[in-house]
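Okay, here's what each chain looks like letter by letter:
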Amino acid sequence: MAAPLLCVHDVKRTYRTAHSEIDLFDGLSFEIEAGDKVAVMGASGSGKSTLLHMLGGLDAPDSGDIVFKGTSIVEASHRWRCQYRHQQIGFIFQGYHLLSELTVVENVALPAQIMEGHGRSLRMAKELLEAVGLEDRLQHRPQELSGGEQQRAAVARALINHPAIILADEPTGNLDEETGDKVLHYLFQLIELRGHSLVMVTHSPSVADRCDKQWRLEKRVLKEVSRSR
Ligand SMILES: Nc1ncnc2c1ncn2[C@@H]1O[C@H](COP(=O)(O)OP(=O)(O)OP(=O)(O)O)[C@@H](O)[C@H]1O
Ligand SMILES: [Mg+2]
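In this text the structure is predicted, and so the values were computed from the model without any measurement. Chains are numbered independently. Their residues run from 1 in the order of the written sequence. Chain letters start at A and ligand numbers start at 1, both assigned in the order the entries are written. Totals for whole chains, interfaces and linings use all residues, but because this is a predicted model, local features are given only for residues with pLDDT of at least 70 and pairs of side-chain atoms are given and counted only at 80 or more. Just so you know, side-chain values use all the structure's heavy atoms and leave hydrogens and water out.

A word on the sheet that holds strand β5 (residues 37-42). Taken together, 6 strands build an open sheet; the order of strands is β8-β9-β10-β5-β11-β12 and the sheet is mixed. Single-partner strands in this sheet number two, and they are β8 (89-92) and β12 (221-225). Strand after strand, the sheet turns through a mean of 20° between neighbouring axes, direction not considered. Strand direction decides the pairing type here: β5 and strand β10 (residues 197-201), joined by 4 bridges, are parallel. Paired with Val-40 across the two strands is Val-201, which belongs to β10. Of the strands in this sheet, β5, β8, β9 (165-169), β10, β11 (213-218) and β12 touch helix α1 (residues 48-55), which is tilted by about 155° from β9. By definition in these notes, contact holds between two residues if any of their heavy atoms fall within 4.5 Å. Axis lines are fitted to C-alpha atoms, over the contacting stretch for helices. Their N-to-C directions set the angle, which ranges from 0 to 180 degrees. In DSSP terms, a helix is any run of H or I states spanning at least four residues, a strand is any run of E spanning at least two, and both are numbered starting from the N terminus. Along the sheet, helix α6 (residues 147-159) contacts β8 and β9; its crossing angle with β8, the most-contacted strand, is approximately 170°. Paired strands, in this sense, are two strands between which DSSP finds at least two bridges.

Here we take up the site of ligand 1. We call a residue near a given molecule or strand whenever any one of its heavy atoms falls within 4 Å of it. Within the structure, ligand 1 sits among 13 residues, and Ser-44, Gly-45, Lys-48, Ser-49 and Thr-50 are positioned closest to it. In the analysis that follows, any N or O atom pair within 3.5 Å is treated as a polar contact, provided that within protein one partner can donate a hydrogen and the other can accept it, and provided that, for residues neighboring in sequence, both atoms belong to side chains. At 2.9 Å from an oxygen atom of ligand 1 is found a main-chain nitrogen or oxygen belonging to Gly-45. Between ligand 1 and Gly-47, the relevant distance is 3.0 Å, taken from an oxygen atom to a main-chain nitrogen or oxygen of the residue. For ligand 1, the accessible surface in isolation is 640 Å², of which the surrounding protein chains cover 61%. With 3 residues, α1 is the single largest residue contributor to the shell around ligand 1. Classification used: nonpolar for Ala, Val, Leu, Ile, Met, Phe, Trp, Tyr, Cys and Pro, charged for Asp, Glu, Lys and Arg, polar for all others including Gly. Classifying every residue of the shell around ligand 1 gives 3 nonpolar, 8 polar and 2 charged. Residue exposure ignores everything except the shown protein chains as possible cover, and the areas themselves are Shrake-Rupley values with a 1.4 Å probe.

What follows is the structure in structure tokens.
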């Protein structure tokens with residue numbers, strides 16, 4: 001059997017402020033396999049976003065290790081971690097985070113420009129925007145799109161470098177159910193087609209039901225929960 005994509009071993013994270021110290025995790029250990037689709041649920045403040053940021057190399061654990069295909073992303077150099085974030089991880093945030101100065105197609109092409117060059121990255125972006133049903137919005141600015149359209153563009157941007165893992169933090173949290181369903185339809189269709197793994201934070205059991213595995217962060221530990229349907 002192939003080795004897991006990500007091995008998380010005894011990870012702890014403490015936030016220290018002037019007045020308090022918060023220990024978020026008891027020591028999390030789990031694995032993400034290629035093709036896994038995992039939903040992470042849990043109360044507000046339980047550490048879901050912190051966990052996602054650590055998996056993506058945006059934040060570091062205070063102890064423990066996170067290993068991607070045999071390399072510790074904690075011990076690796078800053079340069080290696082930047083490449084890891086750029087090439088292996090696709091982030092989708094609740095608030096879209098598209099750049100308002102760029103057109104939609106430029107936003108999606110941006111992460112691929114260094115590796116693929118200007119012309120090819122724009123062609124790849126156009127193809128992905130067609131795949132999320134935004135072929136008529138290529139030259140719009142993000143602020144000229146609806147929330148659901150902006151998130152579909154953010155899905156395309158997250159996928160453009162063929163990352164191994166998509167990390168999505170409440171990707172439909174700002175959208176009504178119908179619009180959110182449409183975003184998830186495109187996201188899951190592309191993930192299936194292109195073979196990405198997914199770790200998705202959500203508060204919605206019906207959104208979580210789209211994933212193969214459901215985990216809950218509770219009392220500082222991560223537990224597998226049975227699917228609601
Ligand atoms: N930079 C920081 N400094 C201090 N404490 C922080 C910092 N970032 C997060 N925290 C604290 O850590 C806890 C976990 O935060 P996190 O954002 O990971 O929660 P979450 O599970 O994603 O919550 P939500 O569902 O509301 O998004 C919270 O109690 C928060 O106050
Ligand atoms: Mg959060």
